[in-house]
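# Results of the structural survey
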Amino acid sequence: MEIAHTSSQLMQEIAHQHLFNQFWLTLFFVIPMVLVARAVVAGTRYSAILIIVIFGLLMGYLLVATGVSTPGLSDFPMLGMMAQSTIIALAASFFVGGQELRRILDKSKVGADESVVYSTEEIFFGTGRTQVIFIARSFFMLLGIEALTKTLLGTVPETSLGYYYPLIAYMGLIIAVILIDHKAAIANKRLYLRNGLVEMAAIIVVLLLGQTIANWIRPTIALPQIFFVMLIAAGLGAVLYRWKHGPAIRCMLFAGIPVVLSANFVIGGSRIGEAFGLSGMDAVLAYGFFGQIFWMFGGLAC
């Protein structure tokens, strides 16, 4: 009995270590990639996303080519979890899009938002102090909201990481709430934090409603969750077109898409070697990839 108890305790310790290893590895893969991409394009007209595409695909390919992992990176489930959170960043973008659409149609004039003045101190080349905080906060917020929504919807994957989704949700959301740049000039800190909490809660509700409606209407027509999330978020933005953005929306607009794309392209890059192994696919993929890179960079340079 004592041996069995010791063995069970050892397995739990290994599982806990696996969780924290996954967290730090995902953090190491994603955030430095965004910072490096911003440093490469600093002072140019290019978007950091163009660099994230190249670096992400290359990193994913190297992880498989060096034998660290297998195509799809199944050894890094938290990275896959981050890649699946794209809809969260898009929900924030749809809300702001609804606001802008309402202002354009109504020709409404909304005063400039002077509630926050960002810190201009450059921590990394091409990235200021407040921007670094936005990138880190978006990482934790994406993990937290993704874990919480999957837990509430009952769609948690049956993996070793799936048992920790409630803990990931708690840690991610708590850290996202308190991660505020103390050097940024905030007119009303209490209101700023409250707006952030309201925005996080609204994103979660929109995601839950989108999935609920998609499940309800599926017998009639199969529409994805993102379709209803787009309609609900844009509708809310049109109604709340005077809403001044809190920390949640601000960080999602600035870093949400780059963070999720970093995870997506790393996973996509891990399958490049597998794809090139298919007969006749090497020429097609090479033409498509290098053609796209040429038009992205060449088009902006013209």
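Refer to the structure printed above.
All figures in this text were calculated on a predicted structure; none of them were measured in a lab.

In this section: the overall build of the chain. Scanning the chain from N- to C-terminus turns up 11 helices and four strands. Among the 302 residues that make up the chain, the fraction classed as buried is 39%. Within the chain, residue pairs in contact and separated by at least 24 positions form 79% of the contacts whose partners lie at least 6 positions apart. If you sum the accessible surface of the chain, you get close to 16,500 Å²; carbon and sulfur atoms cover 69% of it.

Once that is clear, we can look at the side chain of R38. Turning to its location among the elements, R38 is positioned in helix 1 (residues 2-41). Lacking a salt bridge, the buried R38 has E122 as its closest oppositely charged neighbour, with an N-O distance of 7.9 Å. When near neighbours in sequence (up to four residues on either side) are disregarded, R38 contacts A48, F125, G126, T127, Q131, I135 and F254.

Here the focus is the packing of aromatic side chains. Here the structure, examined in full by the defined rule, presents nine aromatic pairs. Seen in terms of ring centroids, F29 and F76 are 5.5 Å apart; in terms of plane orientation they differ by 75°. Their pairing is edge-to-face. Taken together, the residues F29 in helix 1 and F76 in the loop between helix 2 (48-65) and helix 3 (77-83) connect sequence positions 47 residues apart. Exposure remark for F29: the relative accessible area of 8% places this residue in the buried category. Members of the aromatic cluster, each reached through a chain of ring pairs, are F23, W24, F139 and F140.

The next point concerns the environment of I186. Within the secondary structure, I186 sits in strand 4 (residues 185-186). Residue class for I186 comes out buried when judged on its relative accessible area of 15%. Considered as a pair, I186 and Y118 are 68 residues apart in the sequence and their alpha carbons are 8.5 Å apart.

For an α-helix, 3.6 residues make a turn, and residues three or four places apart therefore share a direction. In a regular helix each residue adds 1.5 Å, so 23 residues correspond to 33 Å; helix 9 (residues 247-269) covers 32 Å between its end C-alpha atoms and thus fits that length. At A255, helix 9 is deflected by roughly 55°, the largest bend along its length, and proline P258 occurs up to four residues later in sequence.

Here we come to the environment of I145. Looking at where I145 falls in the secondary structure, it is placed in helix 5 (residues 129-153). A relative accessible area of 0% places I145 in the buried class. Spatially, the C-alpha atoms of I145 and I204 are 6.6 Å apart, while their sequence positions differ by 59 residues. Residues in contact with I145, not counting those within four places in the same chain, are I88, L173, I203, I204 and L207.

What counts, and at which threshold
Each chain has its residues counted from 1, running along the sequence as written. Whole-chain, interface and lining totals are the exception, using all residues; otherwise, since this is a predicted model, local features are given only for residues with pLDDT of at least 70 and side-chain atom pairs are given and counted only at 80 or more. Each side-chain value is derived from all of the structure's non-hydrogen atoms; neither hydrogens nor water enter the calculation. What counts as a helix is a DSSP run of H or I of at least four residues, what counts as a strand is a run of E of at least two, and both are numbered from the N terminus. Residue exposure (1.4 Å probe, protein chains only): buried if accessible area is under 20% of the type maximum, exposed if over 50%, otherwise partly exposed. Residue contacts are counted whenever heavy atoms from the two residues lie within 4.5 Å of one another. We get accessible surface area from the Shrake-Rupley algorithm with a probe of 1.4 Å; when it comes to residues, only the shown protein chains can shield them. Only four residue types enter the tally: Lys and Arg on the positive side, Asp and Glu on the negative side, with His and both chain ends excluded. The term salt bridge refers to a pairing of a side-chain nitrogen on Lys or Arg with a carboxyl oxygen on Asp or Glu at a separation within 4 Å. Between the rings of Phe, Tyr and Trp (Trp by its six-membered ring), a pair exists once the centres lie within 6.5 Å; its type follows the angle of the planes, with under 30 degrees stacked, over 60 edge-to-face, and the other angles tilted. Each residue after the first adds 1.5 Å to the expected span of a helix. Each residue is assigned a bend, namely the angle between axes fitted to the seven residues that terminate at it and the seven residues that start at it.

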